[in-house]
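Remarks on the overall topology
Spelled out from the first residue to the last, the chains are:
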Amino acid sequence: MKKSVCVATYNGAEFIVRQLDSVLKQLNHDDEVLIFDDSSKDNTVELIKEAYGSRVQVHVNEKNLGAIKSFERAISFATGDIIFLCDQDDIWEDHKVATIMKAFEDQKADLVIHDAFVVDGNLAVMNPSWNDYNHNNINQGIVGNIFKNAFTGAFMAFKKDLIPDILPFPAEIEMHDQWIALVCMLKKKKIVFIQEPLMKYVRHGGNVTGIKKRPLSAQLKGRLKTIKAIVGFKR
């Protein structure tokens, strides 16, 4: 099965080569890496083109659209049978792709999600499990995931058959990973969780995506928007 790796970048020059090196060595020549840069102000795009040439596809947003829209664009361009989502500043373990592909083949999964090591900016392990660190419950269902999203996009891979259901992302959603998971639950798709940590999830304080503590009012507003998107889901 052909694989597409969708990457959203923004001012990621310090990390992107390290991340892409960890990804590309696990792919076949017919697999694709789609990078959508959100109008970086540093030399992220130049570094990628210099290091990888035509091995990766680089698209640059004409203006800053944010992570959700960047991933939406990347997913819409993907031609692979399996879509991997990838952040710019993490590091994939060497057996991540093979382990995930085995889950698709052996367990007939529609969406695969895995755990990750939580590391700091120096790659020192802060916790051996993101799910423990963030108190996630993958099996908490639709209502539980509206109140606390347990799915992280950087840990996700899904079948291309899901694309018509998840795209375009509704304007109301808080984050693309939460929406993808909720749609899979609504459509009763098979979600497989791999407990093994398959990447280093870097928490260095400058991440574009990831958990940010918000005021309670903002959290409630976000949940109401997510509920609105679910109520309007008709795909």
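For the structure, check the block above.
If you're wondering where the values come from, they're calculated on a predicted model, not measured in any experiment.

Procedures and definitions
Residues numbered from 1 in each chain as written. Predicted model: local features only at pLDDT ≥ 70, side-chain atom pairs only at ≥ 80, totals over all residues. Heavy atoms only, no water. Buried < 20%, exposed > 50% of the residue type's maximum accessible area, 1.4 Å probe, protein only. Helix = DSSP H or I, 4+ residues; strand = E, 2+ residues; numbered from the N terminus. Contact = heavy atoms within 4.5 Å. Polar contact = N/O pair within 3.5 Å; in protein donor to acceptor, adjacent residues only side chain to side chain. Pairing = 2+ DSSP bridges.

A look at helix α8 (residues 176–186)
For an α-helix, the turn length of 3.6 residues means that residues three or four places apart are oriented alike. α8 sits mainly inside the fold: ten of its eleven residues count as buried. What α8 keeps buried is the set His176, Asp177, Gln178, Trp179, Ile180, Ala181, Leu182, Val183, Cys184 and Met185. At the exit of α8 stands Lys188, carrying a positive phi of roughly 55°.

As for the environment of Glu32
Tracing the sequence through the fold places Glu32 in strand β2 (residues 32–37). Sequence-wise, Glu32 and Ile83 are 51 residues apart; in three dimensions their C-alpha atoms are separated by 9.8 Å. Not counting chain neighbours up to four residues away, the residues in contact with Glu32 comprise Lys2, Lys3, Ser4, Val5, Gln57, Phe77, Ala78, Thr79 and Gly80. Of the polar contacts made by the side chain of Glu32, one reaches the side chain of Gln57; its length is 3.4 Å.

Quick notes on the pairing of strand β4 (residues 82–86)
Summarising burial for β4: five of the five residues are buried, a large majority. Neither face of β4 is exposed, since Ile82, Phe84 and Cys86 on one face and Ile83 and Leu85 on the opposite face are all buried. With five bridges connecting them, strand β1 (residues 3–9) and β4 associate as parallel partners. Within the sheet, the bridge partner assigned to Cys6 lies in β4 and is Leu85. Both β4 and strand β8 (residues 156–159) contribute to a ladder of three bridges, which runs antiparallel.

Things to note about the environment of Leu186
Considering the arrangement of structural elements, one finds Leu186 in helix α8. Distance in space between the C-alpha atoms of Leu186 and Ile230 is 8.7 Å, their sequence separation being 44 residues. Not counting residues within four places of it along the chain, the set of residues in contact with Leu186 comprises Ile142, Ile230 and Phe233.

Observations concerning the side chain of Ser22
Note that Ser22 resides in helix α1 (residues 16–24). Take Ser22: its relative accessible area is 5%, and that puts it in the buried class. Reaching out from Ser22, the side chain makes a polar contact with the backbone nitrogen of Trp92 at a distance of 3.0 Å. Discounting chain neighbours no more than four positions away, the residues touching Ser22 are Ile91 and Trp92.

What to know about the pairing of strand β9 (residues 191–202)
In the sheet, strand β5 (residues 91–92) pairs with β9 via two bridges, with the strands oriented antiparallel. Residue pairing for β9: Trp92 is matched across the bridge by Met199. As defined by bridge partners, strand β6 (residues 111–119) adjoins β9 across eight bridges and the pair is classed as parallel. Bridge assignment links Val118 to a residue of β9, and that residue is Tyr201.

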